[in-house]
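Summary of the model geometry
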Amino acid sequence: MSLLKNNYQLLLKNLPDAFADHQLLPYTQNKPADCALLDVNPAFEKLTGLKKKNIIGKKVTELAPVAGLYPPDLMLLFCQAASTGKTLRVKRYIKPFNSHYEIIAYGKGNQRFAVIFHNTSSQKKLGRLPKRLNLTAREKYLNVILSNTPALVFSYKYIGRKRKYSYINQNIYHLLGFQPQEIIADPDLWISRIHPDDINRVRAIPEKLKKEELVQVEYRFNCKKNLCHWLHEKHRNVTLGGGKNEIVAVGWDITRRKHAKQLIEARANLLSYSQDHTLEEIMQKALDEIGVVVNSPLGFFHFLSGDKKTLTLKAWSTATLETFCNMGSKQGMQYDTAAAGVWVECLHKCQPVVHNDYASLPHRKGLPPGHAKITRELVVPIMRQNEIVAVLGVGNKPVDYVEEDVDAVSYLADVAYSIVLHKQSAERIRRLSYHDGLTGLYNRTFLEEEMKRLDIARKSPLSLVLADLNSLKLVNDIFGHKTGDELIKTAARVLKDSCRKKDILGRWGGDEFVILLPFTTAEDAKKLCNRIKHNCQNVHIKNIPLSIAFGLAARENINTSIEEMLQEADTLMYKHKFFESKNVRNAIVESLLKALWKKSFETEEHTRRMLAVGLKFGKTLKLPDVELSRLELLIKLHDIGKINISRGILTKKGTLTAQEWKIIKKHPETGFKIARSTKEFAHIAEDILAHHEHWDGTGYPQGLKGEEIPFLARVLAIIDAHDVMVNGRPYKEKLQLAQSAQEIMQCAGTQFDPTLAKVFVKQVLKM
């Protein structure tokens, strides 16, 4: 259960007011609405005298005395809240309960609403209690809420020009690393951590509060670990007893939102810039945009030769040329990859590299005269067709590079290279005929001509949809480009079958399609996108589900150009793609696993058995929780590379031929590619690649020996072999537990790690 859900449940449990969550049921205008109970808190149970387990899912009008809380006039109010999503407040005397209530109803979307029944009669009774007792109850109630909110909550007042904090909730530690008492004891500590460019926004708050009821501010804050976070705060003056005032503020960490917005804006800027500038200018602009996103003044862009032996400098960032280097542009300078410095480690590792303490690297190469001093660097490879084609690097960020920086630079580097490729092929594309050779749809040249025609005519309404395939690279990596072409053609057919005759559909390039929709409103364009999504359901290529990301733009003003519409659709499409990518990748892997279980002996039951034994083995080896999780994931995915091997080979009962065995031995490499292309599974890619290596070096595919083999791959090899032996295969009889133990010990030192084999037999099998 998530932390947020835990906090929500704790808050409901301690809430002294009756609370109920509902689903609005179908109704007519002439008949009051009815609703079903989805959740209630203990205070609601106490109020009605009914247990939660006996009323959840029931209609409120069928429950006595619950129905007394929902008279017809209130039901219409609740219906309004559910339909509009607004929060409504009303005071009522509810006769069956002989009490006055303040009723708060708020919509939650999807025809759901929640209601809080606050008994004001009880408040009057509390008012007759001793003043201190009443205050204590309210303090406890407030503390429960503030301790469980995901936001940062604090209150303060100004003494002169300085803040004096009276309260800060514990969430400041989770967000920024400071304990509340640290800030309360030293108020200047907070101000000292605000970014210099944003400090005036914060200092302007008290003056703004004199004129405005609510002041909102966004600024950057250096947390205790020296990581920069974006905060969004709302400040409000509150009048206390005795005419005194205090400022109450609520804040949220919006770093991820700001980061995502930066990526989207940077991509849009590059796309816009690329229209009227040269390749060299585009690459320099890309480095400048990336430098802004990750706060890095240094930047370089190199292309890798086809034989992988030479890197050619294509661009440096503007700041590198103007401020940090006295070497001139040096465009076209070539480097021997074998002799270059640590910045080309990404070529050998096929992954991004980070050096946060460059000066301490013992194997760094000397920099040429006039080159800037490097303190930190982040270098990423740019991949095409599973091959490195270029490298892009940034450097000298004031603080350490983190994972978010790696993701951002990798993403924008890939975008920049894509733009470069598009620019290089622009002339060739213009010379093509008006139809795409692969799909039969209109091609980009035709679409561009249609865009010009529609722009000149300034027809309105006009909508544009940009569609992008989510899984083409993975299909190409696993099954090859022929299957990738089949995916593109299948997507084209689904798009064409979903469009109307008057719609103009074409392949924009690669895995992107454009649909021009003359005389079509944004609402009708959304219906088309929903129709396409529906038609994609249950469509698979080699067990990979067809998935398409959309970006939509509609012209409401005749002065808006189609180019502007295309950029808007492109930005929205990549925004959707950015936030949906994790779910898409996970769905693809799940689909591949299910397909593998159906056509081979690698069944779901086999996986469950291995997980049980693996957990026991891992705990015996005293693996930390993070390694146990890694082992669990490795057990699930280790044979996923068999997905593109035929059922006939996977289930053959007789001896495999040399050619069939050669095909089987490729599955670790295929599994490695699948895992590496998926961020959530990349950390087990090397283990998947090595899970058929033998201790004595006779395994495959790399012939690794001894401790060259990753540790978890050695652990998995024993677990897998044991499960096959004791459960058998159609072509192999199962063994007794003692026989399996004997076999493992006989292969210790040849197939298996001898130390691990001994631990497994003695402590896991108890033999």
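Described below are features of the structure shown in this document. This is a predicted model, so every value here is computed, not measured.

The rules behind the values
- Residues numbered from 1 in each chain as written.
- Predicted model: local features only at pLDDT ≥ 70, side-chain atom pairs only at ≥ 80, totals over all residues.
- Heavy atoms only, no water.
- Pairing = 2+ DSSP bridges.
- Helix = DSSP H or I, 4+ residues; strand = E, 2+ residues; numbered from the N terminus.
- Axes fitted to C-alpha atoms, helices over the stretch in contact; angles between N-to-C directions.
- Contact = heavy atoms within 4.5 Å.
- Core = buried A, V, L, I, M, F, W, Y, C linked by side-chain atoms within 4.5 Å.
- Buried < 20%, exposed > 50% of the residue type's maximum accessible area, 1.4 Å probe, protein only.
- Phe/Tyr/Trp six-rings, centres within 6.5 Å; stacked < 30°, edge-to-face > 60°.
- Lys NZ or Arg CZ within 6 Å of the ring centre and 35° of its normal.

Within the open sheet, the 4 strands sit side by side as β18-β19-β17-β22. Their pairing is antiparallel. The open sheet terminates on both sides in strands that have one partner only, identified here as β18 (504–509) and β22 (548–555). Neighbour to neighbour, the strand axes of the sheet diverge by 20° on average, direction disregarded. Bridging between β18 and strand β19 (residues 512–518) involves 5 bridges; their strand directions are antiparallel. In the sheet register, Gly506 faces β19, and the bridge partner there is Val514. Sitting on the sheet, helix α20 (residues 522–536) is in contact with β17 (462–469), β19 and β22, with an inclination near 170° to β22.

The next subject is the nonpolar core. The biggest cluster of nonpolar side chains holds 83 residues, and the ones touching the most others in it are Phe513, Ile515, Leu546, Ile548 and Leu637. If sequence neighbours within four positions are ignored, Leu637 has contacts with Val589, Leu593, Phe681, Ile684 and Ile688. Residues Val293, Phe303, Leu454 and Met565 belong to the second largest nonpolar core, which totals 52 residues.

Moving on to unusual backbone geometry. With an omega of 10°, the peptide bond running from Ala64 to Pro65 counts as cis. Relative to the elements of secondary structure, Pro65 occurs in the loop between α3 (52–55) and α4 (72–84). Residue Tyr700 is joined to Pro701 through a cis peptide bond whose omega torsion reads 10°. Locating Pro701 in the fold gives a position in the loop between α27 (685–690) and α28 (711–727). A positive phi angle is found at Asn396, which is not glycine, with a value near 65°. For Asn396, a relative accessible area of 12% gives the class buried. Even without a glycine there, the phi angle at Lys622 is positive, about 60°. When you line up the elements, Lys622 lands in the loop between α22 (604–620) and α23 (625–637).

This part takes up the packing of aromatic side chains. In total, this model carries 19 aromatic pairs according to the counting rule given. Between Phe44 and Phe117 the ring centres are 6.5 Å apart and the planes differ by 50°, which places this aromatic pair in the tilted class. In this pair, Phe44 sits in helix α2 (residues 42–48) while Phe117 sits in strand β5 (residues 112–119), placing the two residues 73 residues apart along the sequence. Between the aromatic rings of Phe154 and Trp190, the centroid separation amounts to 5.4 Å while the plane-to-plane angle is 45°, which identifies the pairing as tilted. In this pair, Phe154 sits in strand β6 (residues 152–159) while Trp190 sits in helix α9 (residues 188–192), placing the two residues 36 residues apart along the sequence. As far as burial versus exposure is concerned, Phe154 and Trp190 are alike and both buried. One aromatic cluster in this structure is built from Phe154, Tyr156, Tyr158, Tyr165, Phe178, Trp190 and Phe221. The residue whose ring lies beneath Lys258 is Trp230, and the NZ or CZ to ring-centre distance is 4.4 Å.

The next subject is the sheet that holds strand β8 (residues 214–222). Strand order in the open sheet formed by 5 strands is β7-β6-β10-β9-β8, and the pairing between neighbours is antiparallel. In this open sheet, the two edge strands, each paired with only one partner strand, are β7 (162–168) and β8. Taking each pair of neighbouring strands and ignoring which way they run, the sheet shows an average axis angle of 35°. Judged from the 5 bridges that link them, β6 and strand β10 (residues 245–253) form a sheet pairing that is antiparallel. In the sheet register, Ser155 faces β10, and the bridge partner there is Val248. This element, helix α12 (residues 255–274), spans β8, β9 (228–239) and β10 of the sheet and lies at about 125° to β9.

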